[in-house]
Structure formats: C-alpha cells, structure tokens
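Observations on chain architecture
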Amino acid sequence: MLDMLVRNVTLPDGRSGMDIAIQDGKIVQVDPAIQAQAHTEIDGRGYLASPPFVDSHFHMDAALSLGQPRLNQSGTLLEGIQVWGELKPSLTVESIKQRALEMCRLSISRGILAIRSHVDISDDNLLAVQALLEVREEMRPYLDLQLVAFPQDGYLRYSRAHENLVRALDMGVDLVGGIPHFERTMAEGAEATRALCELAEQRGLRVDMHCDESDDPHSRHIESLAYEAQRLGMQGRVTGSHLTSMHSMDNYYVSKLIPLIREAGVHVIANPLINITLQGRHDTYPKRRGMTRVPELMNAGINVAFGHDCVMDPWYSLGSHDMLEVASMGLHVGQMTGLEQMRQAFAAVTENPARILGLEGYGLEPGCNADFVILQATSPIEALQLKPSRLYVVRRGEVIARTPEQQHFVSLGAGEESVNFSKGLF
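A brief structural summary. (Residues numbered from 1 in each chain as written. Predicted model: local features only at pLDDT ≥ 70, side-chain atom pairs only at ≥ 80, totals over all residues. Heavy atoms only, no water.)

We now examine the packing of helix α2 (residues 93-109) against helix α3 (residues 127-139). In the contact formed by α2 and α3, the axes pass within 9 Å of each other and the chain directions differ by 40°. As judged from the angle between their axes, α2 and α3 are oblique. For the crossing formed where α2 meets α3, the hand is right-handed. Here Val-93, Ile-96, Lys-97, Ala-100, Leu-101, Cys-104 and Ile-108 of α2 lie close against α3, whose contacting residues are Leu-127, Ala-128, Gln-130, Ala-131, Leu-132, Glu-134, Val-135, Glu-138 and Met-139. Broken down by class, the residue content of the contact of α2 with α3 amounts to 12 nonpolar, 1 polar and 3 charged. (Axes fitted to C-alpha atoms, helices over the stretch in contact; angles between N-to-C directions. Helix = DSSP H or I, 4+ residues; strand = E, 2+ residues; numbered from the N terminus. Parallel < 35°, antiparallel > 145°, perpendicular 65-115°, else oblique. Left-handed = near helix turned anticlockwise from the far one by under 90°. Contact = heavy atoms within 4.5 Å. Nonpolar A, V, L, I, M, F, W, Y, C, P; charged D, E, K, R; others polar.)

This part covers the packing of aromatic side chains. If you walk through the whole model with that rule in mind, you get 2 aromatic pairs. Aromatic side chains Phe-53 and Phe-346 sit 6.1 Å apart centroid to centroid with 70° between the ring planes, which places their arrangement in the edge-to-face category. Residue Phe-53 is located in strand β6 (residues 53-58), and its partner Phe-346 is located in helix α11 (residues 339-347); the two are separated by 293 residues in the primary sequence. The residues Phe-53 and Phe-346 share a single accessibility class, namely buried. For the ring pair Trp-84 and Trp-315, a centre distance of 6.1 Å and an interplane angle of 45° mean the geometry is tilted. Taken together, the residues span a long stretch of sequence, with Trp-84 in helix α1 (residues 77-87) and Trp-315 in the loop between β13 (304-306) and α10 (323-333) at a distance of 231 residues. (Phe/Tyr/Trp six-rings, centres within 6.5 Å; stacked < 30°, edge-to-face > 60°. Buried < 20%, exposed > 50% of the residue type's maximum accessible area, 1.4 Å probe, protein only.)

Let us look at α1. Every buried residue belonging to α1 is among Glu-79, Gly-80, Val-83, Trp-84 and Leu-87, and all of these are buried. End-on, the buried residues of α1 take up no more than an arc of 140°, which puts them together on one face. Lining the buried residues of α1 we find β7 (112-120). (Arc of directions from axis to C-beta.)

Take unusual backbone geometry next. That bond from Gln-68 to Pro-69 is cis: its omega, -5°, falls within 30 degrees of zero. Mapped onto the secondary structure, Pro-69 falls in the loop between β6 and α1. The step from Tyr-285 to Pro-286 runs through a cis peptide bond, and the omega angle for that step is 0°. Its place among the elements puts Pro-286 in the loop between α8 (272-278) and α9 (294-299).

The next subject is the layout of surface pockets. When its volume is computed, the largest pocket comes out at roughly 770 Å³. Residue contributions to the lining of the largest pocket peak at 3 residues, all from α1. Residues that form the lining of the largest pocket fall into these classes: 12 nonpolar, 12 polar and 8 charged. Volume-wise, the second largest pocket comes out at about 360 Å³. Looking at the lining of the second largest pocket, the elements that each hand over two or more residues are β17 (408-411) and β18 (416-419). Among the residues forming the lining of the second largest pocket, the class breakdown is 6 nonpolar, 8 polar and 2 charged. (1 Å grid on protein atoms, 1.4 Å probe; cavity = no way out; pocket = protein on both sides within 12 Å on 5 of 7 lines; lining within 4 Å. Points joined across faces, edges and corners; volume = space filled by probe spheres on them.)

The next point concerns the pattern of salt bridges. Counted under the stated rule, the structure contains 30 salt bridges. Salt-bridge contacts for Arg-136 lead to Asp-174; the nearest nitrogen and oxygen are separated by 3.0 Å. Taken together, the positions of Arg-136 in helix α3 and Asp-174 in the loop between α4 (161-171) and β9 (175-178) put the pair 38 residues apart, joining distant regions of the chain. Given the relative accessible area of 11%, Arg-136 is considered buried. Here Arg-390 ties to Asp-322 by a salt bridge, and the two come within 2.4 Å at their closest N and O atoms. With Arg-390 in strand β15 (residues 390-395) and Asp-322 in the loop between β13 and α10, the pair connects residues that are 68 residues apart, well separated along the chain. With a relative accessible area of 6%, Asp-322 lands in the buried category. The network of salt bridges with common partners includes Arg-136, Glu-137, Arg-140 and Asp-174. (Salt bridge = Lys/Arg side-chain N within 4 Å of Asp/Glu carboxyl O.)

So yeah, pure geometry; function would need other evidence.
See the structure below:
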C-alpha cells in the first residue's frame, strides 16, 4: 500500500487527470488513473500540482521587524539601512530567531519549501548568524534554508568584514555573499569581488552577490563577477542578484555584457517588488522601472529567477511572502505577457531558483522528493492571474499546510449563486 496517492491533478506542462503516487517520501509514479490504494488519498479535483515555490533571495534576519525601532518614513534604501543600523544594537539571538520561525511558518503556508537567505555579518557578535543557523536546523524537516554570509556594510569598507565572514563560514553558513557597489570606489568593488570569489572557490562554496543595485549605468560589477566566475572555473555556482543598473545601461554595452554572463554560467536573480520600489528615486519623469533586463537575459539562455527579498522590514513595509505576487509583478514590469513569457515567469519562482540553489530531487517526476503544492487553479498562467489558495502543501509525502478552497457568492435578486474566477483559458 502506498503512503499517499494524489488523484486527478493538472501538471505545469498541461497534462491533466494525472495521479501522483508516493512512497517513503519519494514520488514513485506519475500517470493517469493509477490502480493502487494508499494510507492517505487526496482528490486534486483537476487543480494544479506544482513543485514547491522557491525564494532564492531573501533577508530572514530582518523579516517582520517593521516598526522596530521606527518606520522608514521616506521608504528609501538609505533610510532603510539607517533604521536597520538603529535596530542592530538591541537585537538578540532569541528575537531574531522568533521572527524567523514565524516567517518560516508563513512561508510554508504559501507553498515555499526552499529559501536562500542573506544574513548580515557586519555585526561583530554574529547574532543573526547564530539565530538563523538554529532556525535552519529546526526547520530542516519542513524547509530547505540556505544561508549567505552577507557583508552588508561592505567587505572592504567595514574593517572586520573579512574576519566576520570567515567566522560565519566556519560556523556553517553555506555561501559567500558580497555587495561590491557599496564599496568606496569601483576599483575596491572589483577587488572585493575578486577576493570573495577566491575565498568561495578555495572552500568549494557557491557565491551570491548583491550586485549593482543602483540606477547608475556605470555600476558594472556584474562584469567583474562574470569574469571571476569564468577565471576560477565556477560556472553554475555564481549568482548575481538585483543587477538593476542594467536597466540604465546603453544597449551597446549590454550587447557585450549579456553574452559574458551567459559564457560564465552566472545565474541572475531579480527582485521585482523591491527593485521597482527602491530604484528610480532620483528620477522625476520619465521615471525608470528599476528591474533588470529579465526578458533579454532569459532569451539569451541565462537562468533567471525572481526573489521576494523583503517582508515587512525597514526596506519594505508590505509583503506576505507570496511568490506568485512576485512573479506577477515581474511579468508586468518586464512586459512579459506573451503566453510563453508568462510560463517563464512561473518558472522563475519554481524550477529556475531550484537550479540556483542546487536543490536535489526537485520536480514532479518519479524519483523526485514528494514535495509539491496543490493550488486552486488549473494552470501556471491561471495561478499568476488568480494568486489562488494553496490547498495542500506536501513535504516528503506529508501534508504540512493546507488552506480551505476559496468560494465566492453573490446575491443579485435571484437567490445566491457562486462566482467562479477560474475560466480554464490557458
């Protein structure tokens, strides 16, 4: 007898009426009308079964800290950094951990089962590192959490950043991070990129850098990052996050830059909600959109993901960690409303970030981990349209979150009738 059998679901590739058989935490069969019995059986009612959502760029140490010690009145990046600096002296391991665990529960309820979180190592006590390492272990049965050692105050600009970053890696942090555009000069930014990539290569670790989060078209540290990835043979292990300066670069330079990124095997993460909120602040009109060149990067064969970045913290007062909201914003800002482009936007919060994180056993094929979410929609595009309920969130063959099916009713004089937003057009 099977452990679990999910009946009658639609898969992201369009196959409908499919059953998913699960044994010992693994998917063992995906076919129509599987003839078997199971201890747990779920009727999918034709709804979409998707691999879990993956947030490849997040800041869990700051999440849910909104209003502590005060609100960001201007909503700008610089005031957010100032507010975070004011909060840091009062932080404790327990307070960070409490917020992070609450965030994980909210994330799981949204169908997110893997997160890459940057953690600030510019605190000499490494409180956030300690807290998130504990959270990673406690949540391991339910959530894959990767941690990036992030020198938020600058690797060269902050005197103890190298020491702290090495200590964080020795404690068990997974990746090397950086923020080269925050260094004092372009030259120091390039030097920091080189040093951080060499450190990661020596330790056999991946790299994920905040890179060119700026409106300045001359902020070109992604070029240095791609060069170092190729020089050190780190293709596929390096990620450039944000890259918002690309939205201001001239097309001639970008025509050189995009092939360089592709040749170096560098992944790209855009953060639509935050990028369009924080960028373009010095513009009057016309006002720049702020997000990197997502369609062009995708068309060049570069792996691009969307991240949420912030949830209710000094930099972003909104957010509920809904990756469908992120993908929807990304496709709007990137004008990705063609049918295939919308499917790419869905992939940017599922399979694409799973590749960035190097998740093993991700997917809905036999042999994959039995991790998936059933959404109250009939296709990826309809999921983007409706941002529907996550009816079931399954981790290793166990239901760990569920939401009742959402129903809408109207009374317009002829008695109560239901309203169904699902039209099944895609």
